[in-house]
Structure formats: structure tokens, C-alpha cells
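# Structural characterization, general
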Amino acid sequence: MSSTQIEYSKSNILIVDDTPANLQLLSKMLSEQGYRVRPVSNGSMALSVVQVEPPDMILLDIRMPDMDGYTVCEYLKADKETRDIPIIFISALDATQDKVKAFQVGGLDYITKPFQIEEVIARVETHLALRSLQMQLQDANTKMMMELNLAGEVQASFLPRTLPRIPGWQLTITLQSSRETSGDFYDINLLPNGRLGILVADVVDKGAGAALFMALCWTLYRTYASEFLEEPESVLSAVNRRILEDTSARQFVTAFYGILDPASGCLVYCNAGHCPPFLFKVNADQDFEQLIRTGVPLGVFEDQTWKQSIVQLDSGDVMVLYTDGLTEAQNVDKVLFGENRLIEVIRGYMGHPAQEIQDGIIEELQRFVGDTSQSDDIVLSILLRE
């Protein structure tokens, strides 16, 4: 007996054939190879046996009196508990249309009677090996998904669960991940001096590697945000230096970091290669401005500096921060959601509460993309001065 035969010797094979001689021959042949065999003579019995103890494989005749093999196969493939059982048809029907129908109803292989013993054994071994490999891959995938879900939960625990409540201000933020873990992240936290730190960032990669890099960047940001309370440029410079000193991942991250004085409405910020936020003004000649990039992303160059800029938020003004997963979302025609569409949505919601603005943007995005799957993470945040 070969090593493959030994490996699969305990496999359970159901044989369905209304001819006693065929049942006896197939049962004897496979039993001698070490397989556990259950022979039945009709389709109804086969379905009953499968419900009690699903086999590892089924050898199925087509022409049977009460229920033909095609119908048996269709029943099994329609049931999620039995649809993955490999089915090999063994039949005297040799016409092309019979073979085609066998595959159409879910058959995995087709052996023509009279069959050769060596051929049956070889095909049984091959398909059982493939089935075993499939199950191993499914188990590995299940384990991997569980680990990724756990990683996503750990990652989410880094981010603020509640937002600071500041009199005269409304804050919202949402993160929609395209996978179990995210490369986008954010932070909105009250600093010891009463200022508000606002961070929106995007690791320029996807998957588990981006998630790990995100955790590092978030931790470094929190460390230096508490040290440099009024200097976003110093925070980004320190984070950039540590990224390049402590890692060799060749990843980088875009980031917008601003420090808001809630009393005055003054926002000091740096934009490290990130999507420029929109600041909509209610009392200005131009209804909005973009907080443009003031330097390159983090993790690219050593000794990089970022220019600090200052903007003023007055009563009724709205700032919209986001990651590129929002504006680069595509519909079924591969058209981008884009900045212009985002601008028009914001304009339509000016004068509304911050939460309604955020919800309105997300609803319009969902209408635009339709059934197209999300391909990138999205962070969206609204800052409104009452």
C-alpha cells in the first residue's frame, strides 16, 4: 500500500449503485485499500445515510429506479452541510451530454463503466487528497481570520472610544475599515494645557503590516503630543525620527495634525503629505479653503521639517478631515467619488449639526458606490464651531 493510500485509509466512502455486482466489486476493491465503505442500492437510501453521517466521498451511479444520480447530486449540492462532499459519477452512459450534465449538477469526476480498478483507485486517492488539502486550507483560513479579527479588536482599542466634549464645539469621527485591520487611524484628545490635538493619518499600505505600522505610529504620536503641547511640527519631526531610527519597514504614513485652542478658535497645524482637509467658512468671500500639505509624509526622509500654518474657525465654520479612501472610492463604472462631489455634499449640509454632516457624506458615498466593494479604509471627521 502506498503512503497516500495509508494516509487516506480511514476515509469513509459511500457507494450508490442499483446493480449488486457493481456494489460488491467496488466495496471489495476499496475495502482492500483500507477505506471504510458503505454500499447502498438507491438514491433515497443514499440521502438518508448522508444525513446521518456525511461521507468523505461518494461514488454515484446515474441510472437508478427511484431517483437518478443527477437528482441525488443536486439535493446534496443544495444543502450547505453536504455540498462540499466530492462526488464521482460511475456510469455506463458514455454520451458527451451525460458527462456534461454530471459536471453541471456538481460532479467532480466521471468514470465510465466498465471501469478499471486501477483507474477508480487512482481517482479516489487524487480527489481525497485534494479534498484534504482544501479542508486544511479552510482551517488555516479560519484560524487566520480569527487572528486578524483579534488584531482588529486590539487595534481598535488604541483609538478613542469617546470624543472630548468641549463647550461651543461639535466633534464627530468614524473609521470604516476595508479589511479586518486598518492602516488608517486617528486621535482626538485633550492635551494637558487645554488644547485639543486632532490627528488623521493613513499608512500607505494595506493588511497586517500596515496595521502593525499604524500601532507604532499612533503610540509615537501619543508620546510626543504630550511633550510638545503647542508645536505640531515638533511632534511630527519626533515621530518621523523614531520611525526611521526604529524600523526598516520602508513604509510611510501621511498625517494631518492640528492643535486647536477651543477658546479662540485658532488651529495650528502641519500636513505631512495628507489629503488637505476642507475648512468651510460662513462669513468669507470664498466659502471654503483647503489646509494644504506643508511637508512630505512621515518615514521618508531624515531630518525632515514641516511648515506650521494657522487658520481661524469662527462660529458656524466647519472643518472636514478625511483619508483618501473617501475621495478615491469608485462606483461600478470606475468613477471616483472625488473632491468636487465631497464639496457639494458639504455645502448642502452647512448649517446642520456635525453628526448630520458626517452621516450625509457617508450616505451620499454609499449611494455613489452602490454594490461596489470597499477597497480602502476611510476616516471621516467633522469639527464644527457653534
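For the structure, see preceding data.
This text gives an overview of the structure that appears in the document. (Residues numbered from 1 in each chain as written. Predicted model: local features only at pLDDT ≥ 70, side-chain atom pairs only at ≥ 80, totals over all residues. Heavy atoms only, no water.)

The tally for this structure, following the rule as stated, stands at two cavities of 30 Å³ or more. In terms of lining, the largest cavity is formed by Phe185, Leu199, Ala201, Cys217, Tyr221, Leu236, Val239, Val253, Ala255 and Leu298. Of all the secondary structure elements, the ones that give two or more residues to the lining of the largest cavity are strand S8 (196–203), helix H7 (208–225), helix H8 (232–246) and strand S9 (253–261). For the lining of the largest cavity, the per-class residue count stands at 10 nonpolar, no polar and no charged. (1 Å grid on protein atoms, 1.4 Å probe; cavity = no way out; pocket = protein on both sides within 12 Å on 5 of 7 lines; lining within 4 Å. Points joined across faces, edges and corners; volume = space filled by probe spheres on them. Helix = DSSP H or I, 4+ residues; strand = E, 2+ residues; numbered from the N terminus. Nonpolar A, V, L, I, M, F, W, Y, C, P; charged D, E, K, R; others polar.)

Here we come to helix H11 (residues 354–369). Along its 16 residues, H11 runs 23 Å from first to last C-alpha, staying within 8% of the 22 Å computed at 1.5 Å per residue. All of the buried residues along H11 are Ala354, Ile357, Gln358, Gly360, Ile361, Ile362, Leu365, Phe368 and Val369. On its buried side, H11 packs onto strand S6 (169–176), strand S14 (318–322), helix H9 (324–327), helix H10 (338–349) and strand S15 (378–385). Phi for Gly370, located one or two positions after H11, is positive at around 60°. (Expected span 1.5 Å × (residues − 1). Buried < 20%, exposed > 50% of the residue type's maximum accessible area, 1.4 Å probe, protein only. Contact = heavy atoms within 4.5 Å.)

So, about the packing of helix H3 (residues 43–52) against helix H4 (residues 69–78). It is the contact of H3 with H4, at a shortest axis distance of 9 Å, that shows an interaxial angle of 20°. Taken together, the axes of H3 and H4 are roughly parallel relative to one another. In terms of crossing hand, the pair formed by H3 and H4 is right-handed. Taking contact as the criterion, the partners of Gly43, Leu47 and Val50 in H3 are, on H4, Val72, Tyr75 and Leu76. Residues of the contact of H3 with H4, tallied by class, amount to five nonpolar, one polar and no charged. (Axes fitted to C-alpha atoms, helices over the stretch in contact; angles between N-to-C directions. Parallel < 35°, antiparallel > 145°, perpendicular 65-115°, else oblique. Left-handed = near helix turned anticlockwise from the far one by under 90°.)

Now for the layout of surface pockets. In this structure, the largest pocket encloses a volume near 300 Å³. If you trace the largest pocket, you find 17 residues lining it, with Ala329, Val369, Ser373, Gln374 and Ser375 closest to the centre. At three residues, the largest contribution of residues to the lining of the largest pocket is made by H11. For the lining of the largest pocket, the class distribution of residues is five nonpolar, nine polar and three charged.

For the structure shown, the criterion picks out nine aromatic pairs. Relative to Tyr269, the ring of Phe256 has its centre 5.2 Å away and its plane inclined at 25°; by these criteria the two rings are stacked. Of this pair, Phe256 sits in strand S9 while Tyr269 sits in strand S10 (residues 266–272), and the two are 13 residues apart along the sequence. Plain terms: the ring middles of Phe278 and Phe288 are 5.6 Å apart, the flat faces sit at 70° to each other, and that makes the pair edge-to-face. (Phe/Tyr/Trp six-rings, centres within 6.5 Å; stacked < 30°, edge-to-face > 60°.)

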